[in-house]
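Descriptive analysis of the structure
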Amino acid sequence: MSGLTDLIYSGTDAVIGLTEGAVNDAIAAHGADEPIAFPDTAYFLPTIYAATGVKVTKLGDLPACVDVMKSLTTHEPEIGPALNAGLATAVGAEIIEALKYVGGANPYENEGGIGFVPDPIIRSLGVPLVTGDIPGVAVVLGKADDPADVAAIVRDYQDKGLLTTLVGDCIDQVAEQGVKMGLDYRVIPLGHDVTAVTHVVTIAIRAALIFGALEAGNLPALLEYTKERVPAFVNTFGTIGGVEVSAGAGAIALGFPVIVDFDLGDLAVPGALESETDHANTVAKSLALRNIKVKAKAVQLPVSFAAAFEGEIIRKKDCYVEFDSDHNPTVELVTMYDSPDDVEDRKVEIIGPAVPETSDELIRMPLATTVKVYGEKMQPDFESVIERKIHSWFNYIEGAMHTGQRNLFRIRISKASWEAGLRLEHFGEVLVSMILEEFGQVVDKVQVTFYTDRDLVQKFLDEVAMPRYRSRDDRLASLTDESVDEFYTCVLCQSFAPSHCCVVTPERLGLCGAVSWLDAKATKQLQDAGPSQPIPKEGCLDERTGRYTTVNEVVKEATHGAVENVTLYSLIEDPMTSCGCFECICGIMPEANGVVVVNREYAGMTPTGMTFGELASMTGGGVQTPGFMGHGRQFISSKKFIAAEGGPERIVWMPKELKDDVASRLNKTAKEAYGIDNFTDMICDETIATDSEGVLAFLEEKGHPALAMDPIM
Ligand code: SF4
Ligand code: ZN
């Protein structure tokens, strides 16, 4: 063992020396009062904050952190203490990286990597991680002897949906080999210096703070969280020096196994530090070591089919054919049939002209995607649940893009994927396979027919689809919390936020925005013992706040006793818990006697004096925080939104983009409930004011109703 521990300590000593030097230089250059911070995070220097509770805000705070590094580095020749020295290296890397941002610098502007990953991106990863849509996180570090090898490994992870982060020269190697990179492709180049590895370490650490409600300074709890709940591992390429070895020890301390591509001999530590000299086996070995299960592919296509391609954007110049409602009639509809004879299982058919095999110009065509399903347990309510998934599935296809839904959508197929052999038929195969794969519990037979003839598409749209959409809309409008007998739980996020439970009602969707009452109901049908369980709507204790004995009982059980009392409609009295992946957060603005609602995408300041990230850091992790609550966008325009505090009438400020997004629905609600016309015109936004006085002046000028309401607290 001493060979390995010696290597680790020599690396850590080097990092301590470098860090100390860099800190002293920075203080000499800028002074001890110079602020230091990563961009857009509420967690300071996250590793230091999580491990020690220290909030580093200025250069003068750093020498004490260097002392912590030294105290972690005991030079004892056992593996346990040596792993602590690895943590010291993680701290050093974090400091060195943070110093790059001093003085408002933008160190990653032309670096080829993205550097620090802001909090909102981590929050947005919450749902795909808990659903297993992102089954793991790979850290690829170093420089491969053969660039094709590392590119193939990264492509394989991408194909399997993993999130891959790159550190070092492998960034250029992978880029040269034409791998599609960026957050949208789940391949994130972090930076070329080995210290850039801190930017994935802090993702894991902030996951513990954001979702796990980890108390800052509780190092053992931090290490347990990352080990148990963050499915990450490290692959290194090429020869690695002491610094890399010691950084690797830090990874191992966090519970992330390290797989190197040279022979470690007797330095290997089974399960933690292993060799794989054959690059063809790296992926399998890594997944096995972290026990990451990747779902078998349901479809084989001439291009990749993976969730990693969901965010891919295809520009017009790269597009071969486009089915787009701006230029042609388009429609997509899933319809259930009552008899098995009505559906010809797995049949895919195109009726109308085929897409021309070659063309110098962008082709535009009409398209109807019609899907017939039959199943003994199928319900009309599930049609829209399945139909909405078309968007994701088509986007999983490499070189295909789908936006919109129903009769308003755009599908693009890229020139590259067309040349690779991707055809419309494949989209049909995707639908058949994925519907049977994901909805097999309720769907027994699937048939897909595409119409490409303009008249046929228009006729289908007018005579079949529109009436169906209308009847679904009527059904949705009639779905109120009063009209149903059951609510549902969703505990998917418990893998990251162990004491979190969403209560999903017709009028209040899950806070991630991805789980409606219909979705939860379908989930119960699909997985009887799954994450969504019914709550009988009985034992109403208080209508104003939405307090039910049954809700309390079920939530208590679902959270293993962590949460005993929860209301459906109050922000202040026992509000619902928040996991961390909420689309929006709502917080009280006492001086305006109202609330501020801010969405994850908004990076600026709010009138509460806090950014989204800072507001969000005060809630989450499955904890109830009266006065702050995470919620979905859709909920804002519901009459039930903070109904106990007076409803959406209390909203005094929202970022403009959010306000515009919810305007038509919110204005309708305000008109119906309070008789107010164009309510959103009374709501302030960042283009008007973000400071308290400015907001108040605006509200008074507009006569905002919140000013005259009962005191909110
Ligand atoms: Fe997580 Fe709630 Fe969304 Fe379920 S509904 S995935 S628990 S945020
Ligand atoms: Zn969540």
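Residues numbered from 1 in each chain as written. Chains lettered and ligands numbered in written order. Predicted model: local features only at pLDDT ≥ 70, side-chain atom pairs only at ≥ 80, totals over all residues. Heavy atoms only, no water.

**A closer look at the overall build of the chain**
Rules: Segments assigned H or I by DSSP are reported as helices when at least four residues long, segments assigned E as strands when at least two residues long, and all are numbered from the N terminus. When we talk radius of gyration, it's over C-alpha atoms, and the globule rule is simply 2.2 Å times the number of residues to the 0.38. The rule is simple: take the accessible area with a 1.4 Å probe, protein chains only, and divide by the maximum for that residue type; under 20% is buried, over 50% is exposed, in between is partly exposed. For this analysis, residues touch if any pair of their heavy atoms sits within 4.5 Å. Computed with the Shrake-Rupley method and a 1.4 Å probe, the accessible areas treat only the protein chains shown as cover for residues. When charges are counted, Lys and Arg contribute as positive and Asp and Glu as negative, whereas His and the chain ends are disregarded. Just so you know, the charge point we use is NZ for Lys, CZ for Arg, CG for Asp and CD for Glu.
If you tally the helices and strands in the chain, you get 21 helices and 23 strands. The C-alpha atoms of the chain give 27 Å as radius of gyration, which agrees with the globular expectation for 713 residues (27 Å, within 12%). The C-alpha extent of the chain, read off along each of the three principal axes, is 75 × 65 × 45 Å. Counting every position in the chain, which comprises 713 residues, the buried fraction comes to 57%. The long-range share in the chain, meaning contacts at least 24 apart out of those at least 6 apart in sequence, stands at 74%. Working note: accessible area of the chain is about 27,800 Å², and carbon and sulfur atoms make up 50% of it. Computing the positive centroid from 58 side-chain charges and the negative centroid from 104, the chain places the two 6 Å apart.

**Focus on the site of ligand 1**
Going by this rule: When we say a residue is near a molecule or strand, we mean one of its heavy atoms is within 4 Å of it. Residues are grouped as follows: nonpolar covers Ala, Val, Leu, Ile, Met, Phe, Trp, Tyr, Cys and Pro; charged covers Asp, Glu, Lys and Arg; every other residue, Gly included, is treated as polar.
Neighbouring ligand 1 are the residues Cys490, Leu492, Cys493, His500, Cys502, Gly510, Leu511, Cys512, Val515, Cys579 and Cys581. For the shell around ligand 1, the per-class residue count stands at nine nonpolar, two polar and no charged.

**Focus on the packing of aromatic side chains**
The following threshold applies: Any two rings among Phe, Tyr and Trp, with Trp reduced to its six-membered ring, count as a pair given centres within 6.5 Å; such a pair is stacked if its planes are under 30 degrees apart, edge-to-face if over 60, and tilted if neither.
Evaluated as defined, the whole model comprises 17 aromatic pairs. Ring centres 6.3 Å apart and planes at 35 degrees place the aromatic pair tyrosine 101 and tyrosine 108 in the tilted group. What makes tyrosine 101 buried here is its relative accessible area of 10%. Assessed through its relative accessible area of 7%, tyrosine 108 is described here as buried. Here tryptophan 393 and phenylalanine 439 contribute two aromatic rings whose centre-to-centre distance is 6.3 Å and whose plane-to-plane angle is 75 degrees, an arrangement assigned as edge-to-face. Residue tryptophan 393 is found in helix H13 (residues 381–396), and its partner phenylalanine 439 is found in helix H15 (residues 424–439); the two are separated by 46 residues along the sequence.

**As for the packing of H13 against helix H17 (residues 517–526)**
Stated precisely, the cut-off is as follows: With axes taken as lines fitted to C-alpha atoms, and helix axes fitted only over the stretch in contact, angles between N-to-C directions fall between 0 and 180 degrees. Roughly parallel refers to an angle under 35 degrees, roughly antiparallel to one over 145, roughly perpendicular to one between 65 and 115, and oblique to any angle outside these ranges.
For the pair H13 and H17, interaxial distance at closest approach is 9 Å and the crossing angle is 95 degrees. Compared by their axis directions, H13 and H17 come out roughly perpendicular. Counted together, Asp381, Phe382, Ser384, Val385 and Arg388 of H13 and Leu518, Asp519, Lys521, Ala522 and Gln525 of H17 form the full contact between these two elements. Of the residues assigned to the contact of H13 with H17, the class counts are four nonpolar, two polar and four charged.

**A few points about the coordination of the zinc ion (ligand 2)**
Geometrically, a metal with four donors at the corners of a regular tetrahedron has ideal angles of 109.5 degrees, and one with six donors at the corners of a regular octahedron has ideal angles of 90 or 180 degrees. What counts here: Listed donor atoms are N, O and S within 2.8 Å of the metal (Na, K and Ca: 3.2 Å). As water is not included, a site may look incomplete.
Coordination of the zinc ion (ligand 2) by the protein is provided by Cys493 (SG), Cys579 (SG) and Cys581 (SG), with metal-donor distances spanning 2.1 to 2.2 Å. Read N to C, the donor residues that coordinate the zinc ion (ligand 2) are spaced as C-x85-C-x1-C. For the pair shown, cysteine 579 and cysteine 581 are each scored as buried.

**Side note on the sheet that holds strand S23 (residues 651–653)**
Heads up, the rule is: By the convention used here, strands pair only if DSSP detects at least 2 bridges between them.
An order of S22-S20-S21-S23 is seen for the four strands of this open sheet, with the pairing classed as mixed. In this open sheet, the two strands that pair with only one neighbour each are strand S22 (628–631) and S23. The sheet shows a mean angle of 35 degrees between the axes of neighbouring strands, direction not considered. As defined by bridge partners, strand S20 (residues 584–589) adjoins S22 across four bridges and the pair is classed as antiparallel. When the sheet's bridge partners are listed, cysteine 584 is paired in S22 with histidine 631.

**Let's talk about unusual backbone geometry**
Residues other than glycine seldom take positive phi values, yet aspartate 40 does so here, at roughly 55 degrees. With respect to the helices and strands, aspartate 40 occurs in the loop between helix H1 (2–30) and helix H2 (46–52). On the basis of relative accessibility, which here comes to 29%, the residue aspartate 40 falls in the partly exposed class. Look at arginine 186: it is not a glycine, yet its phi comes out positive at around 60 degrees. With respect to the element layout, arginine 186 can be found in the loop between helix H8 (170–176) and strand S3 (187–191).

**Structural notes on the sheet that holds strand S4 (residues 232–237)**
Backbone hydrogen bonds are what pair the strands of a sheet, in a parallel or an antiparallel way. With respect to topology, six strands assemble into an open sheet ordered S3-S2-S1-S4-S5-S6, the strand pairing being parallel. Two strands lie at the open edges of the sheet, namely S3 and strand S6 (273–275), each paired on one side alone. Across the sheet, the mean angle separating the axes of adjacent strands is 20 degrees when strand polarity is ignored. In terms of strand pairing, strand S1 (residues 137–142) meets strand S2 (residues 163–167) through five bridges, oriented parallel. The partner of valine 137 across the bridge, within S2, is leucine 163. The strands touched by helix H11 (residues 242–253) are S1, S4, strand S5 (258–260) and S6; relative to S5, the strand with the most contacts, the crossing angle is about 145 degrees.

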